[in-house]
Structure formats: C-alpha cells, structure tokens
Amino acid sequence: MLTAQTAAQRGFVVCVTEIRKVVVTRSSQAILMSVVALGLLISTAMTVVASRETGQIDLSAPMLSLTLCVGFGSPLIGVLIMTSDWQSREVITLFLLEPRRGLVFVAKVVATLMLAVSAVAAVIFFSIAFALCGVVAAGMPLVYVTALAEVVPLLVACVVGAITGSALASAILSTPLAVIAVIAQTVLVDPVLSAAPTGWSSYLAPSSISDYLTGTGRPGSAAAACIVWVLVPFALGWWRIHRREIQ
Amino acid sequence: MTGIRVRGLSKGYGNAPALQNVSFDCPVGQITGLVGPNGSGKTSILRLLSALSPSHLGTATFDGRRYLDLETPGLEVGMLLDASAHHPGRSVEETVRIAGITIGLGRRRIREVLETMGLSAVGRRRFGTLSLGMKQRVGLAIAVLGHPRYLLLDEPVNGLDIEAIRWLREFLISFCRHDGGTVLISSHLLRELESYADRVVILSRGRVVVEESMVALRSMGRCEVVADDATRLQTVLTQRSINWSPSAGGARTAVDADSRMVAELAMEHGVLVTELVPGGVGLLERLYMSVASSEFPATTGWERSEC
C-alpha cells in the first residue's frame, strides 16, 4: 500500500501531467484559443463602447466580458480533463502508468481547479492590460473600484463552473455528450430554473451554489444544488471509473 | 525474487468465461512466451496483471506485490498492450514526454529513448498520422522508458519492419540475460518467438494447456537433421529401430530421438551432419496445433453459398 506522502506525490505528478495534456493537445488548444479569442473580441468592443458613453475607462468592462467567456469555458476545461483520455483510448496508457484510479480521479479534479484559478488570473491580467491600453490610447481616466468587487464572484463562478463540468463529465465519460450536457446546463437549465418563481426551482439551479458563495443565495438551495450537480455526478463518476474495464 | 506469478486467475465477460483458473510463472531472467488462438485469453491475462480489468478471481504478482501496490508501476513494469492507445492529436515527442513526466523522468531519458527507437525524426509528427509499425515503436519506447525490471508485451511485433523486429529480439535477450529482467510476451509469430523464448505458456479457451521451458520441449525426444548422406543416416536409424520420417520435402529427416543421440550415431557411422535442430523446426507450431483449439476456427477454404 502507498503511504499518504507517496500518494500525494504521485497525485501531484498526475495533476501536472493532466494540465500539460490540456496545454499541448490540439483539440484542447483549439478550445482554449477560441475562448481567448472570443474574450478578447468582446472585451475590446465592450471597453470601447463603455468608454465612449462614460468618458472614462472602467476596468469592470473588460473584466465582465472576459468573465463571461471564462465562465462558459471553465466547465469545458473540466470536461476535457475528465474525459479526453477515455475518448482517445489514452486511458489505457494513463492507467498502466498510474493504475490507482481514485488517485487519478482526484488529480484530475485538482488539475481542473488549478486551471480554473489560472483562467481567473489570466482574466484579471488581461483586463488590466486592456484597461491600461485604453487609458494610454484614449487618454481617459481609469476607474477600477467596481471591478475589484467583481474579482470574488468571478473566481467563484469559474471554480464552480469547472467543478460542475468535471462532475458531469466524470459521470458521463464521453467528451461530446459531456460538452452537450454542460452547455445545456449553462444556457438552458440554469437560466430556466433561475428565472422560475422562487420555490423548488432554486434548489435545482446550479447557480444557487455560486449565489450562496458570493453572499446572495440561500444555504439550503446551495446545498441541494451541490448534491444534484456536484456530489451525485462525482459519486456516479467515481463508481463508474473504478468499475469500468479499460479498453 | 519470484518474478511474475499468476495464480488461479479467472475472469468472465457476461456469462462467457474468458479465463478459468489460470496459473503460471515467469521466472526472473527469462523470456516467457504467451501463445494461444484468438480469444484464448492472452490479452485478458495481461490486462489483469496490469489492473486494467478491475474484478476477477485469483492473484497476479510481481515479486510478490500486486501491480496496484508498486510505488511507481511505470518504473518497475514496462507495458505495451495497445499501440494506438495515445491521443492522435499530440506529437510523438509530447506523447512520450507525457508518459515520462507521469513516471517522474526527465527530458534526457526521453530524448535517449526516442533516439534508440528511431523516433527522433518523427518527433514532431502527430501520433495519429503514424503507421502501425511506428505506433508500435512509440509503445515500445514508453514501455522501456523507466528502465523497468519487467516487460509485458502484447503482440509487439505486429507491424514492425525487419530491422525493428531484430532490434526487439536482441533487446529482449539482452534485457533478460544481462540485466536480469523478466519478460512476458504474447505473440502469434511462433517461429520468431521460438528463436528467443526460454519458456512457453500455451492457452486454449481460457485455460493453460502447456507450461514448459523450451529446453524441456526440445529434449522431448525429437529432432530434425540435415545430413550429407541422408540415406545412410536413415538406414542406421532403421537398424537401431529409431522412428524417422522425411520432412521439408525430403530435405530433412525428422527423428524420434534426442538430438545428442542422433549426433553420436551419425559420428559413429561417419555421416556428416550439416544441421541438427533439437525439437525440430517449427517445434512450437506443432505443439500449438496439437494442444490448442480455437474458439473461432477459420474454414479451410472459401465455401460457395447455394443460391
């Protein structure tokens, strides 16, 4: 049996490998590049429009735009990390090199979290860069007070999005189906349930988790949503990954 | 050091049993060949050894430890189970590098292995664009990456060119004889396997039907001889009541006697022996055909369907 220290070391190595796979694999690169390109495009447009209306460069304009893109992209990161090995049959090599499936499972979730946090850091960096470019180019003053208040919700939204994406993907174990599921969750299920009159729907809306963590939601709704969208899919995924024949 | 030890492995897929109480040993410093018809359970054994199949009965250990209990399995056991088990959109170099990082190896060793396997020139090519042979080389590169003590190879010769087959043969022999490694290799190329395997395990319908060393098989009282004066040798054999029959279209004489006895007899009667093959050419193939039966036999000819 492995000691806790060795298991942690092995888990860290697998986590680093999973992050590297996302960065060096073409399909993952394409998704990341698309999200970045879309983010930059929307950010530029939003910053220009907002500055023309107010006569000042508001840091929250590019930050909100990039948040939108990263918020949409972070569940996809979770999906890619959790399912791409199964899709390409690389899972055989992965489990030959590290056969402890629980350790690999946890390492993948941690890798997803690390990438989500990195995405938030990138959003903040690019937003500041954008705003400063605007200040230099247009000679307008910079406003950043509201933007600072958006950092925590941005971080929470990205992390929760990545975790729910990872959870759904672990239960589904198919990249195309998991992508459809997280897109449906983001653009269909969540808006419909959030828009419904207050009642049972808030207990199922995935955004209840983020709402509670940013201080605007209720704990009961957040706990219920967490069970439905995170714990149950993760439990199902854990069971499936441990039971499945690798071939 | 007990090497690889398989005891009482049983495994089924649905209601169909794939393996039934399979037990055998792969001693340290030896190459063990795993042969059998399609569906006889060769790959299932390798998958159970590597914990890719989760539920089964029996045990499979490396020096007494399960694969799951090895600290860094990739450093101790090198495996090639499926040549195409890599992401098709990743470069060859990156594919090997990711495997290296997973088992804690640096760039130097990765470059070294790519060079040894003749993969440096295709390092930037996408894995999905490679031929089967080149994919096998990538798989072999990953198998030997961590200087393992054990090698488990599932039909590694498939798609390899002559040069690579020769390299693999020499590598396996050196790995066992000089480095004290242990190899379990499955193959359908019996003559090739016969040329370097020390032991053989023959499977038929999920059961072990033969587990024997090649030395013991070769000394089972049969050999093939090519003599300068075949007629004289055959006459001597007949006089000594030793059964013989012409083989290879009369070019050889198959003799039901130990090779040493035949050599001594030939020398005693002044017959020049130019070739003497203990067990005879195609020993493994003959043995295989006599003990293994395929679950999915091919027909002997094309059958014309009636209209």
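Residues numbered from 1 in each chain as written. Chains lettered and ligands numbered in written order. Predicted model: local features only at pLDDT ≥ 70, side-chain atom pairs only at ≥ 80, totals over all residues. Heavy atoms only, no water.

*Asks:* Got a minute to help me understand the overall build of chain B in this structure?
*Replies:* Summing up its helical and strand segments, chain B has 11 helices and 13 strands in all. Put simply, chain B has 307 residues, and 51% of those count as buried. Contacts in chain B between residues far apart in sequence, at least 24 positions, make up 69% of those at least 6 positions apart. Accessible surface, chain B: about 14500 Å² in total, of which carbon and sulfur atoms supply 50%. Each charge class in chain B can be summarised by its mean position, and for the 34 positive and 33 negative side chains these summaries are 6 Å apart. (Helix = DSSP H or I, 4+ residues; strand = E, 2+ residues; numbered from the N terminus. Buried < 20%, exposed > 50% of the residue type's maximum accessible area, 1.4 Å probe, protein only. Contact = heavy atoms within 4.5 Å. Areas by Shrake-Rupley, 256 points an atom, 1.4 Å probe, with all protein chains shown as cover. Lys, Arg positive; Asp, Glu negative; His and termini not counted. Charge placed at Lys NZ, Arg CZ, Asp CG, Glu CD.)

*Asks:* What am I meant to see in the interface of chain B and chain A here?
*Replies:* Often, the extent of an interface is quoted as the loss of accessible area upon association of its parts. Each side of the interface is counted separately: chain B has 34 residues, and chain A has 29 residues. Buried surface at the junction of chain B and chain A, summed over both partners, amounts to about 2900 Å²; 55% is from carbon and sulfur atoms. A per-residue breakdown of the area chain B buries against chain A is headed by Leu52, Arg90 and Thr102 of chain B, which together make up 20% of the total. Connecting chain B to chain A are 5 salt bridges. Among the ionic pairs, Glu245 of chain A bridges to Lys11 of chain B, the shortest N-O distance being 2.5 Å. At the boundary of chain B and chain A, one finds 19 residue pairs in polar contact (both at pLDDT 80 or more). Every element with two or more residues in the side of chain B that touches chain A is listed here: strand S1 (4-13), helix H2 (73-76) and helix H3 (92-102) of chain B. Here the element with the most residues in the side of chain B that touches chain A is H3 of chain B; it accounts for 6 residues. (Buried area = accessible area lost by both parts, 1.4 Å probe. Salt bridge = Lys/Arg side-chain N within 4 Å of Asp/Glu carboxyl O. Polar contact = N/O pair within 3.5 Å; in protein donor to acceptor, adjacent residues only side chain to side chain.)

*Asks:* Got a minute to help me understand the environment of Val96 of chain B in this structure?
*Replies:* Residue and element names in this part refer to chain B. Topologically, Val96 is positioned in helix H3. With relative accessibility at 0%, the residue Val96 sits in the buried group. Along the backbone, Val96 and Gly282 are 186 residues apart, and their C-alpha atoms lie at a distance of 37 Å. Filtering out sequence-adjacent residues up to four positions away, Val96 remains in contact with Ile110, Leu114, Val138, Ile142 and Leu145.

*Asks:* Looking at this structure, how should I read the sheet that holds strand S11 (residues 244-247) of chain B?
*Replies:* The pairing of strands in a sheet happens through backbone hydrogen bonds and is either parallel or antiparallel. Residues and elements named next belong to chain B. Pairing is antiparallel across the open sheet formed by 4 strands, whose spatial order is S11-S12-S10-S13. For this open sheet the edge positions go to S11 and strand S13 (273-278), each flanked by a neighbour on one side alone. On average, adjacent strands in this sheet sit at an angle of 25° to one another, irrespective of strand direction. In terms of strand pairing, S11 meets strand S12 (residues 252-255) through 4 bridges, oriented antiparallel. Each bridged residue has a counterpart across the sheet, and for Ser247 the counterpart in S12 is Arg252. Contacts from helix H10 (residues 259-268) reach strand S10 (223-227), S12 and S13 within the one sheet, and its direction differs from that of S13 by about 165°. (Pairing = 2+ DSSP bridges. Axes fitted to C-alpha atoms, helices over the stretch in contact; angles between N-to-C directions.)

*Asks:* Whenever I open this one, the pattern of salt bridges confuses me. Can you help?
*Replies:* In a structure, side chains of opposite charge can pair up when their charged atoms sit close to one another. Taken as a whole and assessed by the stated rule, the structure comprises 30 salt bridges over all chains. Between Arg90 of chain B and Glu90 of chain A there is a salt bridge; the shortest N-O distance is 2.6 Å. With Arg90 of chain B in the loop between strand S5 (77-80) and H3 and Glu90 of chain A in the loop between helix H3 (60-88) and helix H4 (91-97), this residue pair bridges two chains. Glu211 of chain B is the partner of Arg199 of chain B in a salt bridge, and the nearest nitrogen-oxygen pair spans 2.9 Å. Pair noted here: Arg199 of chain B is in strand S8 (residues 199-204) and Glu211 of chain B is in strand S9 (residues 207-213), with a separation of 12 residues, a long-range link. Residue Arg199 of chain B is classed as buried on the basis of its relative accessible area, which comes to 15%. Among the charged side chains, a network of salt bridges with common partners joins Glu18, Lys21, Asp85 and Lys108 of chain A.

*Asks:* Teacher, can you tell me more about the side chain of Glu18 of chain A here?
*Replies:* Here Glu18 of chain A is to be found in helix H1 (residues 4-24). Those residues in contact with Glu18 of chain A that sit more than four places away from it in its chain are Ile81, Asp85, Leu94, Lys108 and Ala111 of chain A.

*Asks:* Please clarify how unusual backbone geometry should be interpreted in this entry.
*Replies:* Across the chain, the bulk of peptide bonds are trans and the bulk of non-glycine residues have phi less than zero. Residues and elements named next belong to chain B. Notably, His147 is not glycine yet its phi reads approximately 50°, a positive angle. Here the phi dihedral of Glu155 falls at roughly 45°; this positive angle occurs in a residue that is not glycine. Residue placement: Glu155 occurs in the loop between strand S6 (150-154) and helix H6 (162-177).

*Asks:* Before we go on, may I ask you to explain H6 of chain B in this structure?
*Replies:* Helical geometry: 3.6 residues make up each α-helical turn, so side chains three or four residues apart lie on a common side. Residues and elements named next belong to chain B. Helix length check: H6, at 16 residues, gives a terminal C-alpha distance of 23 Å against a target of 22 Å (1.5 Å per residue), a fit within 8%. Every buried residue belonging to H6 is among Ala164, Ile165, Leu168, Leu172, Phe175 and Cys176, and all of these are buried. Angular distribution of buried residues about the axis of H6 spans 105°; they occupy a single face of the element. Along H6, the residues that are exposed and aim more than 90 degrees away from the buried face are Ile162 and Glu163. (Expected span 1.5 Å × (residues − 1). Arc of directions from axis to C-beta.)

*Asks:* Help me understand the environment of Ile19 of chain A, please; the structure alone is not making it clear to me.
*Replies:* All names here are of chain A. Within the element layout of this structure, Ile19 appears in helix H1. Spatially, the C-alpha atoms of Ile19 and Arg244 are 24 Å apart, while their sequence positions differ by 225 residues. Beyond its immediate sequence surroundings of up to four residues, Ile19 is in contact with Ala111, Met114 and Leu115.

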